[in-house]
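One-letter residues, chain by chain:
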Amino acid sequence: MIDPIPARKDADITVRNSADFSTGSPVAVREPIAIEHIGAHLQKFGYDIKIIAQGSKTNEQLAQMATDYAPQIVGLSMHSTYLCSHTLDLAARIKTQLGSTPIVVGGYHPSGYFDLALDKNVDYIVIGEGEETMRQVLDMVARCENAKNVNGVAYLNGSEVMVNPPQPRLDFALLPWAMRDEEILRDSKCTPLAYPAPPGQVSAAQIAYSRGCPHLCGFCASPLIWGSKLSYREPKDVVDEILHLQEKFGTNFLFFNDLSFNVNKERANALCREMIKRVDGVSWFAYATIHGMDYETARMMRDAGCTRLGFGIESVLDPTLAKIKPKQHFEDIERVLRMTSNLGMLNRCYMLIGWPWESRETLDETAKRIKNLAMDQLRLSFVIPFPGTKFYEEQKHRIVVPFEEFSGDKPVMPSDHLNMEELKTAATGLFSSFYGSGEYNAHVDEKVRQRPHLKNSFEYFFDYLKKHGIVS
Ligand code: B12
């Protein structure tokens, strides 16, 4: 199974070739947790699995590696729509060499875009959570049966794309730990602002306590994979795995890819208690939601080793929030960021601009409001109508660029008031006005004065911002 994300070395970290440093996007490569989870499930059923992360290998080299392995089936992961043509190029090269060996694609993009099955080099699309569906596809291929009885699969039948009923969600607590690869882990970092700073991170591993999110925001692609059902592992099992990663790979940093670590307060606190009791020397990052983040949970997370939080605030304007995330209000954002920052955690905030109603006035108001937030890093993306989302159905008529541009680092549609160039310029302006502001620099100075251990992290971050021209 291959995670085809081309990457290269940039000083001390391995970065995605597609990464756009100017948006504060997560440039560093992470381990291909999706196929590592699927691989572990298939191993349980006796399958021999090879996991390949592209890194600096070309698609031709990847195709040769796949051919040398002579697999029964090839699995390709498509984390994001922008990877579409690159992954299909790889599929074509593999087909040239391996002929009839079936190629299966899965991930966020295929789960929202079934027309991918029209590509002659794609045999099956696995829709959503992939572990059990992939196992059933392997069994079906081994028995030379037809795909019509495999839930969660889409495939081409003549000229028609067949979409089978969904595969039921799995009980996450029953799945085995993800396969891990020492070399891939050694290269994995969480950048650019973290504690410890990237150079001090060892084998930064992705891990999850839960799968799914009940919020179903119209612009988010996660429901395509998980629906709205939440599924949890047992805290003891998560901590057992953390101690295993620490012992076997020396891991000192974790990236929780739970869509929201605090969506269920009791569950979050239960894991934090277990970590406080049994884990030492491991720091971690988690995505969190403003809604439902209270002092007790924030302090528990901090005491359990959480040093960076990722808040999907999306917007700081209540009229926009009322449309896209009605449970969240600006005053809550202000209060929660102040609280988590005062507890010493780093706040990374994901914001989306370029909504259909975006205007000079909304951007100016945004620039004014974010300066006074206890936000340590601004991660700005252009809102993208991702295939399969409600937002895509509503806005696809506006899109003026091909899928390759769907990374969020560039606008894909003009708004009612601003064209693409104006939106792009506005983003650059937002960054420099935020990081160049007296308020932000005073916030960082005070934070480092109170928490001297963060000095190194901010120095690394400012070097990064300067190196990539985000601040002068
Ligand atoms: C964690 C995460 C990341 C991490 C880690 C990525 C990684 N390689 O694992 C980081 C921060 C690096 C990241 C980066 C980006 N991400 Co991201 N990410 C997420 C997030 C928060 C969770 C993903 C997740 O659930 N992981 C857990 C694993 C287990 O689940 P999974 O990957 O879905 O895999 C399961 C299934 O999809 C399926 N499956 C997946 N691959 C395969 C392959 C086969 C063969 C099969 C059978 C099944 C299968 O089975 C798996 C197990 O059940 C989502 C969701 C969100 N709401 O924000 C966004 C999300 C997936 N990312 C998104 C985007 C756009 C990006 C970036 C392009 C942003 C940017 N400009 O930098 C980059 C691209 C990185 C890249 N890979 O090239 C979009 C993708 C939407 C789309 N249609 O394109 C999402 C949905 C966020 C959003 N905006 O809505 N991301």
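All of these numbers come straight from a predicted model, not from anything done at the bench. (Residues numbered from 1 in each chain as written. Predicted model: local features only at pLDDT ≥ 70, side-chain atom pairs only at ≥ 80, totals over all residues. Heavy atoms only, no water.)

Colleague: How should the sheet that holds strand 13 (residues 283-288) be read in this particular structure?
Modeller: Sheet strands line up and pair through hydrogen bonds in the backbone, either parallel or antiparallel. The sheet built from 6 strands is open, its strands ordered 9-12-13-14-15-16 with parallel pairing. The sheet is open, and its two edges are formed by strand 9 (205-207) and strand 16 (377-382), each paired on a single side. Each neighbouring strand pair of the sheet contributes to a mean axis angle of 20 degrees, computed without reference to strand direction. Running at roughly 170 degrees to strand 9, helix 7 (residues 235-249) makes contact with strand 9 and strand 12 (253-256) of the sheet. (Pairing = 2+ DSSP bridges. Helix = DSSP H or I, 4+ residues; strand = E, 2+ residues; numbered from the N terminus. Axes fitted to C-alpha atoms, helices over the stretch in contact; angles between N-to-C directions. Contact = heavy atoms within 4.5 Å.)

Colleague: Help me understand the packing of aromatic side chains in this model?
Modeller: Both the distance between ring centres and the angle between the ring planes are used here to describe each pair of aromatic rings. In the structure shown here, the tally under the stated rule is 23 aromatic pairs. Relative to Tyr435, the ring of Phe431 has its centre 6.0 Å away and its plane inclined at 15 degrees; by these criteria the two rings are stacked. Of this pair, Phe431 and Tyr435 are both found in helix 14 (residues 420-435), 4 residues apart, which corresponds to roughly one turn of the helix. For Phe431, a relative accessible area of 3% corresponds to the buried category. With a centroid separation of 6.4 Å and an interplanar angle of 15 degrees, the aromatic rings of Phe461 and Tyr464 are classed as stacked. Of this pair, Phe461 and Tyr464 both sit in helix 16 (residues 455-467), 3 residues apart, roughly one helical turn. The exposure class assigned to Phe461 is buried, which follows from its relative accessible area of 0%. For Tyr464, a relative accessible area of 7% corresponds to the buried category. Feature note: the residues Phe431, Phe434, Tyr435, Tyr440, Phe458, Phe461, Phe462 and Tyr464 constitute an aromatic cluster, connected by ring pairs. (Phe/Tyr/Trp six-rings, centres within 6.5 Å; stacked < 30°, edge-to-face > 60°. Buried < 20%, exposed > 50% of the residue type's maximum accessible area, 1.4 Å probe, protein only.)

Colleague: Mind showing me how you'd approach the coordination of the cobalt atom of the ligand here?
Modeller: When four donors bind a metal tetrahedrally, each ideal donor-metal-donor angle is 109.5 degrees, and when six bind octahedrally, the ideal angles are 90 or 180 degrees. No protein donor other than His79 (NE2) coordinates the cobalt atom of the ligand, and that contact is at 2.3 Å. Mapped onto the fold, His79 is located in the loop between strand 4 (74-77) and helix 3 (84-98). (Donors = N, O, S within 2.8 Å, 3.2 Å for Na, K, Ca; no water.)

Colleague: What is the right way to look at the pattern of salt bridges in this model?
Modeller: Two side chains carrying opposite charge are able to pair once their charged atoms lie near each other. Summed over the entire model, instances satisfying the criterion amount to 32 salt bridges. Taking the shortest distance from any N to any O, the salt bridge between Asp240 and Arg278 comes out at 2.5 Å. In this pair, Asp240 sits in helix 7 while Arg278 sits in helix 8 (residues 265-278), placing the two residues 38 residues apart along the sequence. According to the relative accessible area criterion, Arg278 is partly exposed, its value standing at 29%. For Lys265, the salt bridge goes to Glu296, with nearest N and O atoms at 3.0 Å. Here Lys265 is found in helix 8, whereas its partner Glu296 is found in helix 9 (residues 295-303), with 31 residues between them in sequence. Assessed through its relative accessible area of 36%, Glu296 is described here as partly exposed. Where salt bridges share partners, they join Glu31, Arg180, Arg233, Asp237 and Glu241 into one cluster. (Salt bridge = Lys/Arg side-chain N within 4 Å of Asp/Glu carboxyl O.)

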